[in-house]
Amino acid sequence: MDAPAVALSAVLGLVAGWFVVVPVAERIPEPSPLPRRAAIAIAIVNAVLWAADANKFPRWWIVVPYFIVFSTLLAVSVVDLRLYRIPDRIVFPALGATSVMVVVSTFVVLSSNGGALEVLEYAAAGMFGYFAILFLFHLVYPRGMGFGDVKLALLMGLSLGWLGHSIFSALYLVLIALFLGCLFGIGFGLAMRLVRGRGGAFPFGPALALATIYVILTFDRYISNLP
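Keep in mind the model is a prediction, meaning the values are calculated, not measured.

Draft legend 1. Fine view of the pattern of salt bridges. Scanning the model with the defined rule gives 3 salt bridges in all. Here Arg85 and Glu30 are joined by a salt bridge, their closest N and O atoms 3.7 Å apart. Remark: Glu30 occurs in the loop between helix H1 (3–27) and helix H2 (36–56) and Arg85 occurs in the loop between helix H3 (60–83) and helix H4 (88–109); sequence separation between them is 55 residues. Note that Asp220 and Lys56 form a salt bridge whose closest N and O atoms lie 3.0 Å from each other. Taken together, the positions of Asp220 in helix H9 (residues 220–223) and Lys56 in helix H2 put the pair 164 residues apart, joining distant regions of the chain.

What follows is the structure, encoded as structure tokens:
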């Protein structure tokens, strides 16, 4: 989108970050006020994410669903970092709203119903594919992969799969995001170990969220040459 649209998105993201993302992170799953500096930082990050979204995609019908996704991933990351939890009360409403927006936007953007249905198949493949992979990890090592991460995979997979041009490319984006999420998680775990001076559990959700956002904003470099 053009520069005015990106600037408008940044302003709207700042407002939404302060009046929506911050209150959600403070009140769900339980009241836990944030320091003022942290709240300001969250609002600024949300503004940057919305601006990056608008800068990446050419139409509001595509941009707006990712507003929801990015803000949700930011909110759950904050909660997970503070409480080691990914609340259903954030994930499932966001998943429902994003699913509706994806369906509506797909039919608006694509002229043929057949083409729209194919794109929705790719989105569904990404959603259930990511869920299945993390669910398997959860079964093998539940202490390392919480079920909150598994449920968050539905939203992340939907947002990744929607960008694919085939089922294969949709799943490939999921795998790239998962691989990067693991790398980010290792780095984050090592940093936590250095800060604490000992090992221990650390939240994995923020690493997966960061990787998903990164892949969404750079998706074309991964699938441009895929069948």
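Draft legend 2. Local environment of the side chain of Asp80. Structurally, Asp80 is set in helix H3. The buried charged residue Asp80 lacks any salt bridge, with Arg85 as its nearest oppositely charged partner at 8.3 Å. At a separation of 3.2 Å, a polar atom in the side chain of Asp80 contacts the main-chain amide nitrogen of Gly205. Among all residues touching Asp80, those that are not within four sequence positions of it are Arg85, Ile86, Asp149, Pro203, Phe204, Gly205 and Pro206.

Draft legend 3. Summary view of unusual backbone geometry. Of note, the amide linkage connecting Ile28 to Pro29 takes the cis form, showing an omega dihedral of 5°. Unusually for a residue other than glycine, Tyr84 sits at a positive phi of about 60°. Tracing the sequence through the fold places Tyr84 in the loop between H3 and H4.

Rules of the game
Numbers given for residues are sequential positions, taken from 1 along each chain in its written order. Selection of residues for local features in this predicted model requires a pLDDT of at least 70, selection of side-chain atom pairs for listing and counting requires 80 or more, and totals for whole chains, interfaces and linings are taken over all residues. Values shown for side chains rest on all heavy atoms present in the structure; no hydrogens or waters enter the calculation. Salt bridge, as used here, is a side-chain nitrogen of Lys or Arg placed within 4 Å of a carboxyl oxygen of Asp or Glu. Numbering of helices and strands runs from the N terminus; a helix is a DSSP stretch of H or I covering at least four residues, while a strand is a stretch of E covering at least two. A simple rule labels every residue: compare its accessible area, found with a 1.4 Å probe on the protein chains alone, to the largest value its type can have, and call it buried under 20%, exposed over 50%, or partly exposed in between. Only four residue types enter the charge count: Lys and Arg as positive, Asp and Glu as negative, with His and the chain ends excluded. We call two N or O atoms a polar contact when they sit within 3.5 Å, provided that within protein one can donate a hydrogen and the other can accept it, with sequence-adjacent residues counted only if both atoms are side-chain atoms. Here a residue-residue contact requires only that any non-hydrogen atoms of the pair lie within 4.5 Å.

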